[in-house]
Amino acid sequence: AAIVRTPADDDASRWRRAVLLGDVLLEAGDLEATAAWLGLQIPALPAGELRARARMTLAVTQWYRDGGQAASEVIARAVDDAAGDPSLLGQIHSRLAIFSESDTGKARDHAAEAVAEVRATGEPGPTGSIIVSPVAPGLFSATMNARGPVVGVAVQKAGGPATPLFECGELPNCWTLP
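Residues numbered from 1 in each chain as written. Predicted model: local features only at pLDDT ≥ 70, side-chain atom pairs only at ≥ 80, totals over all residues. Heavy atoms only, no water.

Draft legend 1. Inspection of the confidence of the model for the chain at higher detail. For the chain, the average pLDDT comes to 73, and 66% of its residues sit at 70 or higher. Confidence scores differ between elements of the chain, with strand E3 (residues 148-156) showing the lowest mean pLDDT of 39 and helix H2 (residues 31-41) the highest of 96. Every residue in residues 124-163 scores below 50 in pLDDT, and together they form 115 contacts with partners more than four places removed in sequence or on other chains. Note on residues 171-178: pLDDT is under 50 here. Beyond four places in sequence and across chains, it has 29 contacts. (pLDDT = per-residue confidence, 0-100. Helix = DSSP H or I, 4+ residues; strand = E, 2+ residues; numbered from the N terminus. Contact = heavy atoms within 4.5 Å.)

Draft legend 2. Region of the structure containing a nonpolar patch on the surface. A cluster of nonpolar side chains, Leu20, Leu21 and Val24, forms an exposed patch at the surface whose accessible area comes to about 230 Å². Along the chain, Leu20 turns up in helix H1 (residues 11-27). (Patch = residues over 30% accessible without salt bridge, like charges linked within 9 Å, V, L, I, M, F, W, Y side chains within 5 Å. Areas by Shrake-Rupley, 256 points an atom, 1.4 Å probe, with all protein chains shown as cover. Salt bridge = Lys/Arg side-chain N within 4 Å of Asp/Glu carboxyl O.)

Draft legend 3. Region of interest: the nonpolar core. Counting residues in hydrophobic clusters, the biggest one holds 22 residues, and the most contacted among them are Ile75 and Ile92. Examining the composition of this core, we find that six residues originate from one element, helix H3 (residues 49-66), more than from any other. In contact with Ile92, not counting residues within four places along its chain, are Ala52, Met56, Ile75, Ala78, Val79 and Ala82. (Core = buried A, V, L, I, M, F, W, Y, C linked by side-chain atoms within 4.5 Å. Buried < 20%, exposed > 50% of the residue type's maximum accessible area, 1.4 Å probe, protein only.)

Draft legend 4. Up close: the side chain of Ser72. Structurally, the position occupied by Ser72 is in helix H4 (residues 68-75). Contacts of Ser72, omitting those with residues within four sequence positions, involve Leu96, Phe99 and Ser100.

Draft legend 5. Molecular detail of H1. The end-to-end C-alpha separation of H1 is 24 Å, in line with the 24 Å expected for 17 residues at 1.5 Å each. All buried positions along H1 are accounted for by Ser13, Ala18, Val19, Gly22, Leu25 and Leu26. (Expected span 1.5 Å × (residues − 1).)

Draft legend 6. Looking closely at the pattern of salt bridges. In the structure shown here, the tally under the stated rule is five salt bridges. Glu32 serves as the salt-bridge partner of Arg65, at 3.5 Å between the closest nitrogen and oxygen. Pair noted here: Arg65 is in helix H3 and Glu32 is in helix H2, with a separation of 33 residues, a long-range link. Here Arg53 and Glu49 are joined by a salt bridge, their closest N and O atoms 2.8 Å apart. Linking Arg53 with Glu49, this pair stays in helix H3, spanning four residues, or about one helical turn. Residue Glu49 is classed as partly exposed on the basis of its relative accessible area, which comes to 43%. Connected through salt bridges with shared partners, the residues Arg51, Arg55 and Asp81 form a single ionic network.

Draft legend 7. How the structure looks around the packing of H4 against helix H6 (residues 86-99). Where H4 contacts H6, the axes come no closer than 9 Å and their chain directions differ by 160°. As judged from the angle between their axes, H4 and H6 are roughly antiparallel. In this structure, H4 crosses over H6, and the sense of that crossing is left-handed. Note on element contacts: H6 touches H4 through Ile92, Arg95, Leu96 and Phe99, opposite Gly68, Gln69, Ala71, Ser72 and Ile75. (Axes fitted to C-alpha atoms, helices over the stretch in contact; angles between N-to-C directions. Parallel < 35°, antiparallel > 145°, perpendicular 65-115°, else oblique. Left-handed = near helix turned anticlockwise from the far one by under 90°.)

Draft legend 8. Representation of the packing of aromatic side chains. Within the structure shown, the criterion is met by two aromatic pairs. A ring pair is formed by Trp63 and Tyr64, whose centres lie 5.5 Å apart and whose planes are at 35°; its orientation type is tilted. Seen from their ring centres, Trp63 and Phe99 are 5.5 Å apart, and the 50° between their planes marks the pair as tilted. Taken together, the residues span a long stretch of sequence, with Trp63 in helix H3 and Phe99 in helix H6 at a distance of 36 residues. For Trp63, a relative accessible area of 30% puts it in the partly exposed group. Residue Phe99 is classed as buried on the basis of its relative accessible area, which comes to 4%. (Phe/Tyr/Trp six-rings, centres within 6.5 Å; stacked < 30°, edge-to-face > 60°.)

Structural data, given as structure tokens:
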């Protein structure tokens, strides 16, 4: 209803509401509707932050439906749209790390890029708050407070200790959980 009631000459509000509706559909758990809606909206969105965010939401939808490879293909197209926005690039690379699933080398590379982008923000706020916690034997995630799931991954080498991509002391507002 909000999209229909948006004035025809207010493209920015209409695009923002279209992306928000995609987020709401995903939060409601309607993967089919999310994919269909964003599949129609993304081609109409101008390059930039909103299209990158729409692609992130569609990628998460694809991950739930079809796995990491399908999700990676969608979200990789968001990198150019996020150029110049380290917070958004960090979120994109954090998701690419997750979507890399069984390719730990690729996951580590994307996680390292996500951490580098978070560092580039220079902000101690939500984009720089990180919580490190174990997610599986030898695999650790770093959770960015309020703005995206994983921004770092450490992978355990055979028989060796896990090697983190960063130490919590290197970033503001970073806590390590047992």
